[in-house]
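# Descriptive analysis of the structure
Chain by chain, the residues:
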Amino acid sequence: NAGVTQTPKFQVLKTGQSMTLQCAQDMNHEYMSWYRQDPGMGLRLIHYSVGAGITDQGEVPNGYNVSRSTTEDFPLRLLSAAPSQTSVYFCASSYSGSVNTEAFFGQGTRLTVV
Amino acid sequence: AQKVTQAQTEISVVEKEDVTLDCVYETRDTTYYLFWYKQPPSGELVFLIRRNSFDEQNEISGRYSWNFQKSTSSFNFTITASQVVDSAVYFCALSGASGGYNKLIFGAGTRLAVHP
(Lines give C-alpha, C1' and ligand atoms only; values in the text may rest on other atoms or scores of the structure.)
Protein backbone atom coordinates (compact mmCIF):
# COMPACT_ATOMS: atom_id res chain seq x y z
CA ASN A 1 0.00 0.00 0.00
CA ALA A 2 1.77 3.14 -1.24
CA GLY A 3 -0.25 5.70 0.77
CA VAL A 4 0.41 9.26 -0.40
CA THR A 5 3.04 9.66 -3.10
CA GLN A 6 4.56 13.01 -4.00
CA THR A 7 6.84 13.76 -6.90
CA PRO A 8 9.40 15.15 -7.30
CA LYS A 9 11.23 15.04 -3.96
CA PHE A 10 13.50 17.94 -4.87
CA GLN A 11 13.19 20.72 -7.44
CA VAL A 12 15.07 23.89 -8.29
CA LEU A 13 13.24 26.48 -10.37
CA LYS A 14 14.19 29.81 -11.78
CA THR A 15 12.00 32.79 -11.00
CA GLY A 16 9.11 32.91 -13.42
CA GLN A 17 9.16 29.24 -14.35
CA SER A 18 6.11 27.09 -13.90
CA MET A 19 5.82 23.56 -12.60
CA THR A 20 3.41 21.03 -11.17
CA LEU A 21 3.90 19.12 -7.97
CA GLN A 22 2.22 15.76 -8.21
CA CYS A 23 0.31 14.03 -5.44
CA ALA A 24 -1.44 10.69 -5.61
CA GLN A 25 -3.10 8.55 -2.97
CA ASP A 26 -4.40 5.00 -3.18
CA MET A 27 -6.56 4.93 -0.05
CA ASN A 28 -9.75 6.21 -1.69
CA HIS A 29 -9.72 9.28 0.55
CA GLU A 30 -12.16 12.03 -0.33
CA TYR A 31 -10.18 14.82 1.28
CA MET A 32 -6.81 15.96 -0.03
CA SER A 33 -4.79 19.02 0.76
CA TRP A 34 -1.53 20.83 0.20
CA TYR A 35 0.56 22.45 2.93
CA ARG A 36 3.77 24.39 2.84
CA GLN A 37 6.31 24.25 5.62
CA ASP A 38 8.49 27.23 6.36
CA PRO A 39 10.98 27.65 9.21
CA GLY A 40 9.36 28.93 12.38
CA MET A 41 5.86 28.81 10.89
CA GLY A 42 4.85 25.19 10.97
CA LEU A 43 2.69 23.94 8.13
CA ARG A 44 0.14 26.21 6.46
CA LEU A 45 -2.72 25.10 4.28
CA ILE A 46 -2.53 26.18 0.63
CA HIS A 47 -5.51 24.49 -1.05
CA TYR A 48 -7.75 21.59 -0.31
CA SER A 49 -10.34 19.38 -1.95
CA VAL A 50 -13.27 17.50 -0.45
CA GLY A 51 -13.76 15.34 -3.51
CA ALA A 52 -13.29 15.10 -7.27
CA GLY A 53 -14.23 18.36 -8.95
CA ILE A 54 -14.29 20.37 -5.72
CA THR A 55 -11.43 22.55 -4.54
CA ASP A 56 -11.10 25.52 -2.22
CA GLN A 57 -8.51 27.90 -0.88
CA GLY A 58 -6.67 27.52 2.36
CA GLU A 59 -4.68 30.04 4.34
CA VAL A 60 -1.97 30.85 1.75
CA PRO A 61 -3.39 30.20 -1.75
CA ASN A 62 -1.80 33.04 -3.73
CA GLY A 63 0.48 31.89 -6.52
CA TYR A 64 -0.87 28.34 -6.58
CA ASN A 65 -3.55 26.55 -8.55
CA VAL A 66 -5.09 23.14 -8.00
CA SER A 67 -7.56 20.85 -9.68
CA ARG A 68 -9.08 17.51 -8.72
CA SER A 69 -10.21 15.51 -11.73
CA THR A 70 -9.95 12.13 -9.98
CA THR A 71 -10.21 10.92 -6.41
CA GLU A 72 -6.59 9.74 -6.51
CA ASP A 73 -4.74 12.80 -7.80
CA PHE A 74 -4.39 16.34 -6.54
CA PRO A 75 -1.67 18.27 -8.38
CA LEU A 76 -0.41 21.66 -7.23
CA ARG A 77 0.61 24.14 -9.92
CA LEU A 78 2.95 27.07 -9.60
CA LEU A 79 2.23 29.30 -12.57
CA SER A 80 5.15 31.74 -12.16
CA ALA A 81 7.52 30.72 -9.42
CA ALA A 82 8.82 33.35 -7.01
CA PRO A 83 11.61 33.10 -4.40
CA SER A 84 8.93 33.44 -1.70
CA GLN A 85 7.65 30.04 -2.79
CA THR A 86 10.85 28.36 -1.70
CA SER A 87 9.54 25.88 0.82
CA VAL A 88 8.84 22.26 1.60
CA TYR A 89 5.47 21.15 0.28
CA PHE A 90 3.40 18.36 1.76
CA CYS A 91 0.37 16.69 0.31
CA ALA A 92 -2.06 15.00 2.69
CA SER A 93 -5.17 12.88 2.41
CA SER A 94 -7.85 11.67 4.79
CA TYR A 95 -11.41 10.47 4.93
CA SER A 96 -13.86 13.32 4.83
CA GLY A 97 -16.88 13.90 7.00
CA SER A 98 -17.75 15.04 10.46
CA VAL A 99 -15.64 12.48 12.27
CA ASN A 100 -12.06 13.51 12.00
CA THR A 101 -9.58 10.88 11.04
CA GLU A 102 -5.85 10.71 10.73
CA ALA A 103 -4.28 12.68 7.89
CA PHE A 104 -1.71 10.77 5.87
CA PHE A 105 1.15 12.86 4.54
CA GLY A 106 3.41 12.38 1.57
CA GLN A 107 7.19 12.50 1.87
CA GLY A 108 7.35 16.15 0.91
CA THR A 109 8.81 18.13 -1.99
CA ARG A 110 11.65 20.52 -1.29
CA LEU A 111 11.36 23.39 -3.74
CA THR A 112 13.96 26.09 -4.22
CA VAL A 113 13.24 29.11 -6.42
CA VAL A 114 16.31 31.07 -7.45
CA ALA B 1 -10.06 31.97 15.21
CA GLN B 2 -8.07 28.83 15.79
CA LYS B 3 -4.45 28.97 16.84
CA VAL B 4 -1.76 26.64 18.14
CA THR B 5 1.23 27.94 20.07
CA GLN B 6 4.38 25.96 20.67
CA ALA B 7 6.45 28.42 22.64
CA GLN B 8 9.55 26.22 22.82
CA THR B 9 11.47 26.68 19.59
CA GLU B 10 14.33 24.33 20.46
CA ILE B 11 15.04 21.99 23.33
CA SER B 12 18.31 20.23 23.96
CA VAL B 13 18.60 17.35 26.42
CA VAL B 14 20.98 14.56 27.24
CA GLU B 15 19.90 11.00 26.62
CA LYS B 16 17.72 9.47 29.36
CA GLU B 17 16.39 12.82 30.48
CA ASP B 18 12.64 13.36 30.51
CA VAL B 19 11.40 16.19 28.33
CA THR B 20 8.02 17.89 27.97
CA LEU B 21 6.92 19.70 24.83
CA ASP B 22 4.28 22.32 25.42
CA CYS B 23 1.26 23.00 23.24
CA VAL B 24 -1.36 25.65 23.91
CA TYR B 25 -4.34 26.03 21.63
CA GLU B 26 -7.14 28.49 21.01
CA THR B 27 -10.53 27.64 19.60
CA ARG B 28 -14.17 28.57 20.10
CA ASP B 29 -15.35 25.18 18.93
CA THR B 30 -16.77 22.80 21.52
CA THR B 31 -15.81 19.84 19.35
CA TYR B 32 -12.25 19.78 18.17
CA TYR B 33 -9.30 17.47 17.73
CA LEU B 34 -5.70 17.79 18.80
CA PHE B 35 -2.76 16.04 17.22
CA TRP B 36 0.94 15.53 17.60
CA TYR B 37 3.20 14.78 14.63
CA LYS B 38 6.89 13.96 14.58
CA GLN B 39 9.20 15.07 11.78
CA PRO B 40 12.52 13.23 11.96
CA PRO B 41 15.59 14.49 10.08
CA SER B 42 14.50 12.46 7.05
CA GLY B 43 11.63 14.93 6.66
CA GLU B 44 8.45 12.89 6.66
CA LEU B 45 5.59 13.59 9.03
CA VAL B 46 4.78 10.79 11.44
CA PHE B 47 1.42 10.76 13.17
CA LEU B 48 1.71 10.22 16.92
CA ILE B 49 -1.68 10.83 18.49
CA ARG B 50 -5.16 12.26 17.99
CA ARG B 51 -7.34 13.36 20.90
CA ASN B 52 -10.89 14.70 20.74
CA SER B 53 -12.13 17.49 22.97
CA PHE B 54 -14.43 15.24 24.96
CA ASP B 55 -11.71 12.86 26.04
CA GLU B 56 -9.48 14.42 28.69
CA GLN B 57 -7.92 11.18 29.74
CA ASN B 58 -4.16 11.24 29.64
CA GLU B 59 -2.58 8.70 27.36
CA ILE B 60 0.61 6.73 27.61
CA SER B 61 2.26 4.84 24.80
CA GLY B 62 5.59 3.38 25.79
CA ARG B 63 7.90 6.26 26.60
CA TYR B 64 5.42 8.80 25.26
CA SER B 65 2.63 10.38 27.27
CA TRP B 66 0.18 13.17 26.61
CA ASN B 67 -1.52 15.48 29.10
CA PHE B 68 -4.70 17.13 27.85
CA GLN B 69 -6.12 19.90 30.04
CA LYS B 70 -9.10 21.82 28.71
CA SER B 71 -8.97 24.20 31.66
CA THR B 72 -5.63 25.55 30.44
CA SER B 73 -6.15 24.76 26.74
CA SER B 74 -3.02 22.68 26.71
CA PHE B 75 -2.03 19.37 25.18
CA ASN B 76 1.50 18.68 26.35
CA PHE B 77 3.70 15.82 25.23
CA THR B 78 6.26 14.14 27.46
CA ILE B 79 9.03 11.80 26.42
CA THR B 80 10.39 9.74 29.28
CA ALA B 81 14.00 8.55 29.21
CA SER B 82 14.69 10.29 25.92
CA GLN B 83 16.80 8.60 23.25
CA VAL B 84 18.84 9.94 20.37
CA VAL B 85 16.21 8.59 17.97
CA ASP B 86 13.71 11.02 19.51
CA SER B 87 15.62 13.91 17.94
CA ALA B 88 13.12 15.53 15.59
CA VAL B 89 10.79 18.45 15.11
CA TYR B 90 7.48 17.91 16.85
CA PHE B 91 4.30 19.62 15.73
CA CYS B 92 1.09 20.08 17.63
CA ALA B 93 -2.02 20.62 15.50
CA LEU B 94 -5.71 21.41 15.91
CA SER B 95 -8.84 20.95 13.84
CA GLY B 96 -12.41 21.86 14.66
CA ALA B 97 -15.91 22.33 13.40
CA SER B 98 -15.57 26.01 12.49
CA GLY B 99 -12.57 25.48 10.24
CA GLY B 100 -13.52 22.04 9.03
CA TYR B 101 -12.45 18.87 10.73
CA ASN B 102 -10.04 17.94 7.98
CA LYS B 103 -8.13 21.23 8.11
CA LEU B 104 -5.16 21.09 10.43
CA ILE B 105 -3.86 24.21 12.13
CA PHE B 106 -0.25 23.60 13.05
CA GLY B 107 1.96 25.15 15.66
CA ALA B 108 5.41 26.36 14.65
CA GLY B 109 7.01 23.19 15.95
CA THR B 110 9.58 22.37 18.61
CA ARG B 111 12.96 21.05 17.58
CA LEU B 112 14.19 18.45 20.06
CA ALA B 113 17.84 17.47 20.11
CA VAL B 114 18.77 14.50 22.25
CA HIS B 115 22.51 14.17 22.78
CA PRO B 116 24.30 10.96 23.77
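Everything numeric here is computed off the predicted structure, so don't read it as measured data. (Residues numbered from 1 in each chain as written. Chains lettered and ligands numbered in written order. Predicted model: local features only at pLDDT ≥ 70, side-chain atom pairs only at ≥ 80, totals over all residues. Heavy atoms only, no water.)

## Notes on the confidence of the model for chain A
Predicted confidence across chain A gives a mean pLDDT of 93, with 96% of residues reaching 70 or more. Confidence, read as mean pLDDT per element, is least for strand β10 (residues 104-105) of chain A in chain A (93) and greatest for strand β8 (residues 76-78) of chain A (98). (pLDDT = per-residue confidence, 0-100. Helix = DSSP H or I, 4+ residues; strand = E, 2+ residues; numbered from the N terminus.)

## Side note on the environment of Ile105 of chain B
Residues and elements named next belong to chain B. With respect to the helices and strands, Ile105 occurs in strand β11 (residues 100-106). For the pair Ile105 and Ala81, spaced 24 residues apart in the sequence, the C-alpha separation amounts to 29 Å. With near-sequence residues (within four places) excluded, Ile105 lies in contact with Gln2, Lys3, Val4, Cys92, Ala93 and Leu94. (Contact = heavy atoms within 4.5 Å.)

## A few points about the pattern of salt bridges
Scanning the entire structure with this criterion turns up 5 salt bridges over all chains. Across the pair Arg44 of chain A and Asp38 of chain A runs a salt bridge whose closest N-O atoms are separated by 2.8 Å. You'll find Arg44 of chain A and Asp38 of chain A in the same group, each marked buried. Notably, a salt bridge pairs Arg63 of chain B with Asp86 of chain B, separated by 2.8 Å at the nearest N-O pair. Here Asp86 of chain B lies in the loop between β9 (74-79) and β10 (88-96) and Arg63 of chain B lies in the loop between β7 (59-61) and β8 (64-69), a separation of 23 residues in the sequence. The class of Asp86 of chain B is buried, set by a relative accessible area of 1%. (Salt bridge = Lys/Arg side-chain N within 4 Å of Asp/Glu carboxyl O. Buried < 20%, exposed > 50% of the residue type's maximum accessible area, 1.4 Å probe, protein only.)

## Points about the interface of chain B and chain A
When the parts of a complex come together, some accessible area is lost, and that lost area is often used as the size of the interface. The partner chain A presents 22 residues to the 18 residues of chain B that form the contact. Summing both sides of the interface, chain B and chain A together bury roughly 1700 Å²; the carbon and sulfur share of this comes to 53%. Connecting chain B to chain A are 0 salt bridges. At the boundary of chain B with chain A, the tally comes to 6 residue pairs in polar contact (both at pLDDT 80 or more). Looking at the side of chain B that touches chain A, the elements that each hand over two or more residues are β5 (32-39), β6 (46-52), β10 and β11 of chain B. With 5 residues, β11 of chain B is the single largest residue contributor to the side of chain B that touches chain A. For the side of chain B that touches chain A, the per-class residue count stands at 10 nonpolar, 5 polar and 3 charged. (Buried area = accessible area lost by both parts, 1.4 Å probe. Polar contact = N/O pair within 3.5 Å; in protein donor to acceptor, adjacent residues only side chain to side chain. Nonpolar A, V, L, I, M, F, W, Y, C, P; charged D, E, K, R; others polar.)

## Overview of the state of the cysteines
For the structure shown, the criterion picks out 2 disulfides over all chains. One disulfide in the model links Cys23 of chain A with Cys91 of chain A; its S-S distance is 1.8 Å. Here the disulfide of Cys23 of chain A and Cys91 of chain A is left-handed, its torsion about the S-S bond being about -70°. With Cys23 of chain A in strand β3 (residues 19-25) and Cys91 of chain A in strand β9 (residues 87-94), this residue pair connects regions lying 68 residues apart in the sequence. By relative accessible area, which is 0% here, Cys91 of chain A ends up buried. Between the sulfur of Cys23 of chain B and that of Cys92 of chain B lies a disulfide, 1.9 Å long from S to S. Between Cys23 of chain B and Cys92 of chain B, the S-S torsion sits near -65°, and that sign places the bridge as left-handed. (Disulfide = S-S within 2.5 Å.)

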